[in-house]
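# Remarks on the overall topology
Each chain, written out:
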Amino acid sequence: MKESQSVTNSLLIEVDFLSNRLKNIKKSFKTTNNQALKERLFLENNNIFKRVNEIYNIAELLNKKNNEKINFSKLLVEISKRILNENKFESNLFFL
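Along each chain, the written sequence defines residue order, and numbers are assigned to residues from 1. A pLDDT threshold of at least 70 governs which residues receive local features in this predicted model, and a stricter bar of 80 or more applies before side-chain atom pairs are shown or counted, although totals over entire chains, interfaces and linings include all residues. Computation of side-chain values covers all heavy atoms of the structure but excludes hydrogens and water.

## Re the nonpolar core
- Formed by 18 residues in total, the largest nonpolar core has its most connected members in Ile-48, Val-52, Ile-55 and Leu-76.
- Comment: elements are numbered from the N terminus, with helices defined as DSSP H or I runs of at least four residues and strands as E runs of at least two. Only helix H1 (3–31), helix H2 (35–65) and helix H3 (72–89) provide two or more residues apiece to this core.
- Those residues in contact with Leu-76 that lie beyond four places of it in its chain are Thr-8, Leu-11, Leu-12, Val-15, Ile-55 and Ala-59. Note on terminology: a nonpolar core comprises buried Ala, Val, Leu, Ile, Met, Phe, Trp, Tyr and Cys residues joined through side-chain atoms within 4.5 Å. Burial classification: accessible surface area is computed with a 1.4 Å probe over protein chains only, and a residue below 20% of its type maximum counts as buried, one above 50% as exposed, and the rest as partly exposed. Residues are treated as being in contact if the distance between any of their heavy atoms lies within 4.5 Å.

## A word on the confidence of the model for the chain
- Looking at any residue, its pLDDT shows the predictor's confidence there, from 0 to 100. Counting all residues, the mean pLDDT for the chain is 86, and 89% of those residues have values of 70 or more.
- For the chain, H3 is the element with the lowest average pLDDT, namely 86, and H2 is the one with the highest, namely 92.

## Topic: the packing of aromatic side chains
- Two rings from Phe, Tyr or Trp (for Trp, the six-membered ring) form a pair when their centres sit within 6.5 Å of each other. Planes less than 30 degrees apart are called stacked, planes more than 60 degrees apart edge-to-face, and all others tilted. For the structure on display, the rule yields 0 aromatic pairs.
- The criterion is that NZ of a Lys, or CZ of an Arg, lies within 6 Å of the ring centre and within 35 degrees of the ring normal, and then a charge sits over that ring. Sitting over the ring of Phe-29, Lys-38 keeps its end group 5.1 Å from the ring centre.

## Examining the pattern of salt bridges
- Should a side-chain nitrogen of Lys or Arg be within 4 Å of a carboxyl oxygen of Asp or Glu, the pair is scored as a salt bridge. Taken as a whole, this structure holds 5 salt bridges when the rule is applied.
- Between Glu-44 and Arg-40 there is a salt bridge, with the nearest N and O atoms lying 3.2 Å from each other. Pair noted here: Glu-44 and Arg-40 are both in helix H2, with a separation of 4 residues, about one helical turn.
- Taking relative accessible area as the criterion, Arg-40 reaches 44% and is therefore assigned partly exposed.
- In this structure, a network of salt bridges that share partners links the residues Glu-14, Arg-51 and Glu-54.

## Considering H2
- The span you would expect from a helix comes to 1.5 Å times its residue count less one. End to end, H2 covers 46 Å across 31 residues, agreeing with the expected 45 Å (1.5 Å per residue, within 8%).
- Among the residues of H2, those classed as buried are Leu-41, Asn-45, Ile-48, Val-52, Ile-55, Tyr-56, Ala-59, Leu-62 and Asn-63.
- For H2, the N-terminal capping position is held by Asn-34, with its side-chain oxygen 2.9 Å away from the main-chain nitrogen of Ala-36. We define a polar contact as two N or O atoms separated by no more than 3.5 Å, with the added condition that, inside protein, one atom must be a possible hydrogen donor and the other a possible acceptor, whereas residues neighbouring each other in sequence contribute only through side-chain atom pairs.

## Digging into the environment of Ser-80
- For Ser-80, a relative accessible area of 0% gives the class buried.
- Distance from Ser-80 to Asn-57, taken between C-alpha atoms, is 9.3 Å for residues 23 residues apart in sequence.
- Ser-80 has contacts with Val-52 and Tyr-56, leaving out every residue within four places of it along the chain.
- Looking at Ser-80, its side chain comes within polar contact range of the main-chain oxygen of Leu-76, at 2.7 Å.
- A distance of 3.1 Å separates a polar atom in the side chain of Ser-80 from the backbone oxygen of Val-77.

Put into structure tokens, the structure is as follows:
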């Protein structure tokens, strides 16, 4: 396995974890009435969004270096892009 594939696989695992964490944050935010917890969840959501955005940028760089039509870096780009779009779409949840 090439070094870039190892990095890509690690980032795929991290994106999967962050995606699940975002889903849990949204569920918790909907069900809690505690204002301090809501603020913490909002901040955590923003931090995770920033990290996914960083991973997306890294994936774009890795994808540019790879000439294959199908590879893990393309998968990482697609997954991170979907998470970012989903999070932007659902960001109004925190302002209800």
